[in-house]
Amino acid sequence: MPSPSGEARYAAPSSSQQRLGVQLADMIPGAVSVHVSLADPKRQWPHPYTVAIDEHGEQLALSRTTTKIAARWVQRTWPEADWTRPHSLDLATGQLAVTAVRGR
C-alpha cells in the first residue's frame, strides 16, 4: 500500500521484525534506517547491499561484512518482499518500505 510519500509499505511489523530493527541499530551505531537492495554498485551481478542512514540523512560508513550481513538479515526476515526493488527499513519501528536506493 503506498504511503503519502509514495513508498509502498508492508503490513505492520511482527515482533521478530521489530527485534531485527533493534539488533541492526545496535550493530550500526547512529543509524536510524537502512536501505537494502541487491544492487551493490561495486559488483556486476546481484549482491546483497546495505546503506545506513543517520538522523541527519547522511550515509554512515559500513564495512563490506556489515553491508552483506545486514542486507541478508533483512532479506531473510521479509522473504515475501520483491528484492528486485530497493527497500528501506526504519530501525525504530521495524517498518519496511519499497524506496529509492541511496548512496550510489
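The structure we're discussing is the one just above.
Counting of residues starts from 1 at the beginning of each chain's written sequence and follows it residue by residue. Local features in this predicted model are restricted to residues of pLDDT 70 or higher, and side-chain atom pairs are both shown and tallied only at a pLDDT of 80 or more, whereas totals for entire chains, interfaces and linings draw on every residue. Side-chain calculation: all heavy atoms of the structure are included, whereas hydrogens and water are not.

*Asks:* Can you break down helix α2 (residues 64–77) residue by residue, with the values?
*Replies:* Residues that lie three or four places apart on an α-helix share one face, since the helix turns once every 3.6 residues. Think of it this way: any DSSP run of H or I at least four residues long counts as a helix, any run of E at least two long counts as a strand, and we number them from the N terminus. Expected helix span is given by 1.5 Å per residue-to-residue step, counting one fewer step than there are residues. In a regular helix each residue adds 1.5 Å, so 14 residues correspond to 20 Å; α2 covers 20 Å between its end C-alpha atoms and thus fits that length. Only protein chains enter the area calculation, which uses a 1.4 Å probe; residues under 20% of their type maximum are buried, those over 50% are exposed, and those in between are partly exposed. Regarding α2, the residues found buried are Thr66, Thr67, Lys68, Ala70, Ala71, Val74 and Gln75. By the convention used here, residues are in contact when the closest approach between their heavy atoms is within 4.5 Å. The secondary structure elements touched by the buried residues of α2 are α1 (15–27), β2 (31–37), β3 (49–54), β5 (87–90) and β6 (96–98).

*Asks:* Explain the layout of surface pockets residue by residue, including any values.
*Replies:* Taken as a whole, the largest pocket holds about 220 Å³ of empty space. Within this scheme a cavity is a closed region of a 1 Å grid, computed over the protein atoms alone, that accommodates a 1.4 Å probe without allowing it to escape, whereas a pocket is open but has protein on both sides within 12 Å along at least five of seven lines; lining residues each have an atom within 4 Å of a point. Lys42, Tyr49, Leu62, Arg64 and Thr67 are, among the 15 residues lining the largest pocket, the residues nearest its centre. Counting residues per element, the ones that place at least two in the lining of the largest pocket are β3, β4 (59–60) and α2. The leading source of residues in the lining of the largest pocket is β3, at 4 residues. Taken together, the residues that form the lining of the largest pocket break down as 6 nonpolar, 4 polar and 5 charged. Grid points are joined across faces, edges and corners, and a volume is the space filled by probe spheres set on the points. Residues are sorted three ways: Asp, Glu, Lys and Arg are charged, Ala, Val, Leu, Ile, Met, Phe, Trp, Tyr, Cys and Pro are nonpolar, and all the rest, Gly among them, are polar.

*Asks:* Lay out the pairing of β2 with the relevant residues and their values.
*Replies:* For β2, the buried fraction is high: 6 of the 7 residues fall into the buried class. Two strands qualify as a pair provided that DSSP identifies no fewer than 2 bridges between them. Bridging between β2 and β3 involves 6 bridges; their strand directions are antiparallel. Bridge pairing in β3 links Ala31 to Asp54. In the sheet, β2 pairs with β5 via 4 bridges, with the strands oriented antiparallel. Its bridge partner being in β5, Ser33 is matched across the sheet by Asp90.

*Asks:* I'd love a proper account of a positive patch on the surface, names of residues and values included.
*Replies:* A cluster of basic residues, Lys42, Arg43, Arg64, Arg72 and Arg76, forms a positive patch on the protein surface. Note that Arg64 resides in helix α2. Relative accessible area serves as the criterion here: at 56%, Arg64 is assigned to the exposed category. Here the term patch refers to residues with relative accessible area over 30% and no salt bridge, with like charges joined within 9 Å and nonpolar side chains (Val, Leu, Ile, Met, Phe, Trp, Tyr) within 5 Å. Using a 1.4 Å probe, accessible areas were evaluated by the Shrake-Rupley method; residue-level cover was limited to the displayed protein chains. Each reported salt bridge corresponds to a side-chain nitrogen of Lys or Arg within 4 Å of a carboxyl oxygen of Asp or Glu. In summary, the charge assignment counts Lys and Arg as positive and Asp and Glu as negative, without counting His or the chain termini. Taken as the charge centre is NZ of Lys, CZ of Arg, CG of Asp or CD of Glu, depending on the residue.

*Asks:* Kindly report on α1, identifying the contributing residues and their values.
*Replies:* The end-to-end C-alpha separation of α1 is 18 Å, in line with the 18 Å expected for 13 residues at 1.5 Å each. Turning to α1, its buried residues are Gln17, Leu20, Gly21 and Leu24. Buried positions in α1, seen along its axis, are confined to an arc of 100° and lie on one side of it. Residues of α1 that are exposed and point over 90 degrees away from its buried face: Arg19 and Asp26. Elements that come into contact with the buried residues of α1 comprise β2, α2 and β5. Regarding the arc, it is the one traced by the directions from the helix axis to the C-beta atoms.

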